[in-house]
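Here is what each chain is made of, one letter per residue.
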Amino acid sequence: MTRIAILGAGAIGSVLGACLSRTGEDVTLIGRAAHMNAIRHNGLQLDGALGSFTARVAAAEALNFRPDYAFLTVKTQDVSATLQANLSFLKDVPLVTFQNGVRSDELAAALLSKSQIMSAVVNISASYLAPGKVTVVYPGPLIVGRPFGAPDAQLQAVAAILRQGVPIHVSENIQSVHWLKLIFNLNNALPALLNASLHEVYAETYLRQLAARLMREGLSVVRHAGIRLASLPEASVTLFRLIGLLPAPLAGLLLGVSARRIKTDWPLWGSTLQSLRRGRPTEIDYLNGEIVRLGQQTGQRAPLNKAIVQMVQHVEETGQFLTVDEIRSNIRAALE
């Protein structure tokens, strides 16, 4: 039996913990007090696309043992602080990062040996809005790889553990997969601005086209930076190249068709909206903000993504969601 610590057990960490605990792995969730207390008293209640069950899994607010493997599932902005707080238990421990964006492996490497670090691109969508309860909205596969080296026996061992609970792909270029997922996630902010589901966003013509324009801008910045992209299992590089080439109305229609193919019985809120609903800081600086940062480094403007960052930050500060007309007005002003 493998002893696994999941650091930062929110939506994705809880899904992984519940699924692996059900297969017999020795899992301990480390997370915020309210969620951990609910799990200790009532178990972790999982429902949705992977079925409904209650996982009796260990839960704590702090790590107090040396695990065989550590899975890091905090938000990107919390990576450094979480690792720093647990360094004494993580010496030479293989660690898998599970963050959105492209920065977490670099942040982890500032504190750990690069040989310890493995990386996962997450395509599971899950909702965690109440302590002790998580809903799997869409059971997409995980892609795992070595950000600082080639796949090896240790990576295959981690993939075998994860494969017991969720679908797994192994990548030889996980950083390129992260960059494509970042482009896909540039639309994550739109549900957060409107307090709406992804499908509701894509039902609106202007928002579909805006999502396509955000991705096109991101693709342009990434291309000028010379960054290579690699396909996701359910979204190829070819699809994104089409989005980059087609006029915005056609690209928006293509995105709408792609969104309708994501069949779910539960709303796709996205991680940014879930953070806002829980009163937590969002990852916007590491999603759309990453394109703005890269553009500044390479001399490329990214006004659309910059405007999106500013709007999400405004919603964080005020607690007031926007209307489609307000988004349209802010985008128009950003382009003047």
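Every residue gets a number counted from 1 within its own chain, in the order that chain's sequence is written. With the structure being a predicted model, the display of local features is reserved for residues of pLDDT at least 70 and the display and counting of side-chain atom pairs for 80 or more, all residues being used for whole-chain, interface and lining totals. For side-chain calculations, the full set of non-hydrogen atoms in the structure is used, while hydrogens and water are omitted.

Asks: Would you take a moment to explain helix H1 (residues 11-22) for this structure?
Replies: The periodicity of an α-helix, 3.6 residues per turn, causes residues three or four places apart in sequence to face the same way. The terminal C-alpha atoms of H1 lie 17 Å apart, and with 12 residues this matches the ideal 16 Å at 1.5 Å per residue to within 8%. Using a 1.4 Å probe on the protein chains alone, a residue whose accessible area is under 20% of its type maximum counts as buried, one over 50% counts as exposed, and one in between counts as partly exposed. Counting from the N terminus, the helices are DSSP H or I runs at least four residues long and the strands are E runs at least two residues long. Among the 12 residues in H1, 11 count as buried, and that is most of the element. Regarding H1, the residues found buried are Ala11, Ile12, Gly13, Ser14, Val15, Leu16, Gly17, Ala18, Cys19, Leu20 and Ser21. A positive phi of about 105° marks Gly24, the residue just after H1. Multiply 1.5 Å by the residue count of a helix minus one, and that product is the helix's expected span.

Asks: Honestly, unusual backbone geometry in this entry has me stumped. Any pointers?
Replies: For residues other than glycine, phi is negative in most cases, and the peptide bonds are mostly trans. A positive phi angle, near 65°, is found at Asp92, a position not held by glycine. Asp92 gets classed as exposed once you look at its relative accessible area, which sits at 52%. Backbone geometry places Asn195, a non-glycine residue, at a positive phi of 55°. Mapped onto the elements, Asn195 comes out in the loop between helix H8 (189-194) and helix H9 (198-202). When its relative accessible area of 33% is taken as the criterion, Asn195 is described as partly exposed.

Asks: In this structure, what is going on with the packing of helix H10 (residues 205-224) against helix H15 (residues 303-318)? I would like to understand it.
Replies: Axis angle and axis distance: for two packed helices, these are the angle between their axes and the distance between the axes, and together they describe the pair. Look at H10 against H15: their axes get within 8 Å of each other, and the N-to-C directions meet at 120°. Taken together, H10 and H15 sit at an angle that is classed as oblique. Side by side, H10 and H15 meet where Arg213, Leu214, Glu217 and Gly218 of the first sit next to Pro303, Leu304, Asn305 and Ile308 of the second. When residues are sorted by character, Ala, Val, Leu, Ile, Met, Phe, Trp, Tyr, Cys and Pro go into the nonpolar class, Asp, Glu, Lys and Arg into the charged class, and all the rest, Gly among them, into the polar class. The residue makeup of the contact of H10 with H15, split by class, is 4 nonpolar, 2 polar and 2 charged. Lines are fitted to the C-alpha atoms to define the axes, a helix being fitted only along its stretch in contact, and any angle between axes, read from their N-to-C directions, falls within 0 to 180 degrees. Angles are sorted into four bins: roughly parallel if under 35 degrees, roughly antiparallel if over 145, roughly perpendicular if 65 to 115, and oblique for all others. Only heavy atoms enter the contact rule, under which two residues are in contact if any of them lie within 4.5 Å.

Asks: Whenever I open this one, the pairing of strand E3 (residues 44-48) confuses me. Can you help?
Replies: Working note: regular strand, side chains alternate between the two faces of the sheet. The alternating pattern of E3 places Leu44, Leu46 and Gly48 on a buried face, while none of Gln45 and Asp47, on the opposite face, is buried. Note on pairing: two strands pair once DSSP finds at least 2 bridges between them. One ladder, built from 3 bridges, connects E3 with strand E4 (residues 53-55); its direction is antiparallel. Residue Gln45 lies in a different strand from E4, and its bridge partner there is Thr54. Where E3 hands over to E4, the hairpin turn is made up of 4 residues, of which Gly51 adopts a positive phi near 95°. By the bridge criterion, 4 bridges tie E3 to strand E9 (residues 133-145) in an arrangement that is parallel. From the neighbouring strand, Leu46 faces E9, where its bridge partner is Val134.

Asks: Could you clarify how one ought to interpret the packing of H10 against helix H14 (residues 288-298) in this entry?
Replies: Running from amino to carboxyl end, H10 crosses H14 at an angle of 40°, the nearest separation of the two axes being 9 Å. Judged by the inter-axis angle, H10 sits oblique to H14. Note on packing geometry: the crossing formed by H10 with H14 is left-handed. Between H10, through Leu214, Gly218, Val221 and Val222, and H14, the contact on the second element is made entirely by Asn288, Ile291, Leu294 and Gly295. Of the residues that constitute the contact of H10 with H14, the class distribution is 5 nonpolar, 3 polar and no charged. The hand of a helix crossing depends on one turn: near helix anticlockwise from the far one by less than a right angle means left-handed, and clockwise means right-handed.

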